[in-house]
Amino acid sequence: MRFTLSNIGTWHSPIQWAGLILSGMALSALLNFANFPAALLLGPVIASTIFGIRGASVRMPVILHRMAQGIAGCLIARYMSPEIMAGILEHWAAVTAFVALTFLISCLVGWTLGRLAHFDEEVTIWGFLPGMAGTMIAMAHERGLDSRIVAFIQILRVVAVILGVSMLSRVISADAPAALGDSGPVTTIGLILTPVFCLIAVLSGRYLTFIPAGATLVPLLLASVLHFAGLPAPALPAWLLPFSYLILGCQVGLRFTPSMVRSIAQSFFLILGGIVALLFMCGLSGALLAEIVGESLITGILATVPGSVETVALIAVNTHANLSFVMTLQVVRLFAVVLAGPWIAKWMTAHLTGARA
């Protein structure tokens, strides 16, 4: 059998996994050599996207994805501090306003794309809602909407955020990317807690479905409590983090399938243009937010950019951004989207579309 990109779908599963992991690691090493922020996330995203579009049949097991989300939550918790949280409370009005602004921009871009591409406007609004991609896709499917379009827009948006923000941060940040090994001390108790928190992530994602991104947020909350209290927290040895990045990156890219791409091929560039416009407007709002609250430019952009919680957080860690500030806006917006997103999408479709009919 000839192993080429055109026949990835015919490879045996172990060969697909080997090719995916090796190519993802090679790209990560190359990007890391070029000093790209979040190189260990970018490499798997690019490699898995190519594999997915070329027909790879392998899929990231749900249990591994949830465990990686839990590790990401524990990593984020290490950067939380009471002092920074107090500063966020001082700027609560700006936080609220810019969460609402990002929400509004996303809905308007989604509605406009629906009009231009002749899709159901409610479907495209769901595609641009800035929540967890998996959550938005599942909720759209439950409402009887065309989840293929929602999935394509959501996944393409996440990939665009990872690629775009990583490249932008390389341009605007004078600091070198943070070393991945700076993840805190490794103790015996910490090593015992790590698999416990992985189990908590798996169970949270499975049973606490009312919590958006529960596999990340529950371990994040619990690890933050331990961190604030000065108690032992889950250990994150340097060898564990690359595997988590690999799993999270491959989970994004492998969701692209040839059938999904073919079904929306005619509108691909219009959708991509809408995503670029969304990122541009959110970037401008992030720059304004940074100026108002006195944060760095990359912190403001990451706080407003419409990506998934764990991937934005991992980029923030690698770019020396104020992770607590970034996570506050991202999490607040996530809950706002889950609670108000369905109602707003339905209202905009009924009123704005009706007004232009």
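Residues numbered from 1 in each chain as written. Predicted model: local features only at pLDDT ≥ 70, side-chain atom pairs only at ≥ 80, totals over all residues. Heavy atoms only, no water.

Colleague: Can you walk me through the overall build of the chain in this structure?
Modeller: When you go through the chain residue by residue, the secondary structure sums to 16 helices and 0 strands. Its C-alpha atoms give the chain a radius of gyration of 20 Å, within 12% of the compact-globule value 21 Å for 357 residues. Reported as C-alpha extents along the three principal axes, the dimensions of the chain are approximately 65 × 60 × 40 Å. Across the 357 residues of the chain, 53% fall into the buried class. Partitioning the intrachain contacts of the chain with sequence separation of at least 6 by distance along the chain shows that 78% fall at a separation of at least 24. As presented, the chain carries roughly 15600 Å² of accessible surface, and 70% of it is formed by carbon and sulfur atoms. (Helix = DSSP H or I, 4+ residues; strand = E, 2+ residues; numbered from the N terminus. Rg over C-alpha atoms; globule rule 2.2 N^0.38 Å. Buried < 20%, exposed > 50% of the residue type's maximum accessible area, 1.4 Å probe, protein only. Contact = heavy atoms within 4.5 Å. Areas by Shrake-Rupley, 256 points an atom, 1.4 Å probe, with all protein chains shown as cover.)

Colleague: Hey, could you run me through the nonpolar core in this one?
Modeller: In summary, soluble globular proteins display a tendency toward joint burial of nonpolar side chains. Leu41, Trp126, Leu129, Ile271, Leu302 and Met327 are the most contacted members of the largest nonpolar core, which has 98 residues in total. Not counting residues up to four positions away in its chain, the partners in contact with Ile271 are Leu113, Phe119, Phe128, Phe152, Ile153, Leu156 and Ile264. Residues Val99, Leu289, Val293 and Ala303 belong to the second largest nonpolar core, which totals 9 residues. (Core = buried A, V, L, I, M, F, W, Y, C linked by side-chain atoms within 4.5 Å.)

Colleague: Help me understand the packing of helix α9 (residues 188-207) against helix α10 (residues 214-229), please; the structure alone is not making it clear to me.
Modeller: Angle between the axes and distance between the axes: these two values describe a pair of packed helices. Running from N to C, α9 and α10 point in directions that differ by 140°, and their axes come no closer than 7 Å. In this view, α9 runs oblique relative to α10, as classed from their interaxial angle. Crossing angle aside, the handedness with which α9 passes α10 is right-handed. Here α9 contributes Phe197, Ile200, Ala201, Ser204 and Gly205 to the contact with α10, which in turn contributes Gly214, Ala215, Val218, Pro219, Leu222, Ala223 and Leu226. Split by residue class, the contact of α9 with α10 holds 9 nonpolar, 3 polar and no charged. (Axes fitted to C-alpha atoms, helices over the stretch in contact; angles between N-to-C directions. Parallel < 35°, antiparallel > 145°, perpendicular 65-115°, else oblique. Left-handed = near helix turned anticlockwise from the far one by under 90°. Nonpolar A, V, L, I, M, F, W, Y, C, P; charged D, E, K, R; others polar.)

Colleague: Help me out: how do you make sense of helix α6 (residues 121-128) in this one?
Modeller: Where burial is concerned, most of α6 is hidden: 8 out of the 8 residues are buried. When α6 is considered as a whole, its buried residues turn out to be Glu121, Glu122, Val123, Thr124, Ile125, Trp126, Gly127 and Phe128. The N-capping residue of α6, defined by a side-chain oxygen 2.9 Å from the backbone nitrogen of Glu122, is Asp120. (Polar contact = N/O pair within 3.5 Å; in protein donor to acceptor, adjacent residues only side chain to side chain.)

Colleague: Any chance you could explain unusual backbone geometry here in plain terms?
Modeller: Note on backbone geometry: most residues besides glycine have negative phi, and most peptide bonds are trans. In this model, His118 sits at a positive phi of 60°, which is unusual for a non-glycine residue. Relative to the helices and strands, His118 is located in the loop between α5 (92-117) and α6. Residues other than glycine seldom take positive phi values, yet His320 does so here, at roughly 60°. With respect to the helices and strands, the residue His320 is situated in the loop between α15 (309-318) and α16 (323-356).

Colleague: In this structure, what is going on with the side chain of Ser244? I would like to understand it.
Modeller: Counting through the fold element by element, Ser244 comes out in helix α11 (residues 240-253). When sequence neighbours within four positions are dropped, the list of residues in contact with Ser244 reads Ala68 and Ile71.

Colleague: Help me understand the pattern of salt bridges in this model?
Modeller: According to the stated counting rule, one finds 1 salt bridge in the structure shown. The salt bridge partner of Glu121 is Arg115, with a shortest N-O separation of 3.4 Å. (Salt bridge = Lys/Arg side-chain N within 4 Å of Asp/Glu carboxyl O.)

Colleague: Just checking my understanding: could you explain the confidence of the model for the chain for this structure?
Modeller: Overall, the predicted model of the chain reaches an average pLDDT of 85, with 92% of residues at or above 70. The least confident element of the chain is helix α4 (residues 82-90), whose mean pLDDT is 69; the most confident is α9, at 94. (pLDDT = per-residue confidence, 0-100.)

Colleague: What is the right way to read the environment of Gly19 from this model?
Modeller: Mapping Gly19 onto the fold places it in helix α1 (residues 13-33). You can call Gly19 partly exposed: its relative accessible area is 22%. Along the backbone, Gly19 and Gly43 are 24 residues apart, and their C-alpha atoms lie at a distance of 13 Å.

Colleague: Explanation requested: a nonpolar patch on the surface in the structure shown.
Modeller: Taken together, Leu168, Val171, Ile172 and Leu297 make up a surface patch of nonpolar side chains, about 330 Å² in accessible area. Looking at the nonpolar patch element by element, the count peaks at 3 residues for helix α8 (residues 147-172). By secondary structure assignment, the location of Val171 is in helix α8. You can call Val171 exposed: its relative accessible area is 68%. (Patch = residues over 30% accessible without salt bridge, like charges linked within 9 Å, V, L, I, M, F, W, Y side chains within 5 Å.)

Colleague: Just checking my understanding: could you explain helix α14 (residues 297-304) for this structure?
Modeller: Residues spaced three or four apart along an α-helix point in a common direction, a consequence of the helix completing one turn every 3.6 residues. Of all 8 residues in α14, 7 are buried, a share of seventy percent or more. Listed as buried for α14 are Ile298, Thr299, Gly300, Ile301, Leu302, Ala303 and Thr304.

Colleague: Help me out: how do you make sense of the packing of helix α3 (residues 62-77) against α9 in this one?
Modeller: Packing of α3 against α9 brings their axes to within 8 Å, and their N-to-C directions diverge by 120°. With respect to α9, the element α3 is oriented oblique. Viewed along their axes, α3 and α9 form a crossing whose handedness is right-handed. Contacts between α3 and α9 involve Ile63, Arg66, Met67, Gly70, Ile71 and Cys74 from the former and Thr194, Phe197, Cys198, Ala201, Val202, Gly205 and Arg206 from the latter.

Colleague: Help me out: how do you make sense of the packing of aromatic side chains in this one?
Modeller: In this description, a pair of aromatic rings is defined by centroid distance and the angle of the planes. The tally for this structure, following the rule as stated, stands at 4 aromatic pairs. Measuring from centroid to centroid gives 6.1 Å for Trp11 and Phe51, while their planes differ by 85°, and the two rings are edge-to-face. Here Trp11, found in the segment before α1, pairs with Phe51, found in helix α2 (residues 39-53); they are 40 residues apart in sequence, far enough to count as distant. Exposure class is identical for Trp11 and Phe51. Each is buried. (Phe/Tyr/Trp six-rings, centres within 6.5 Å; stacked < 30°, edge-to-face > 60°.)

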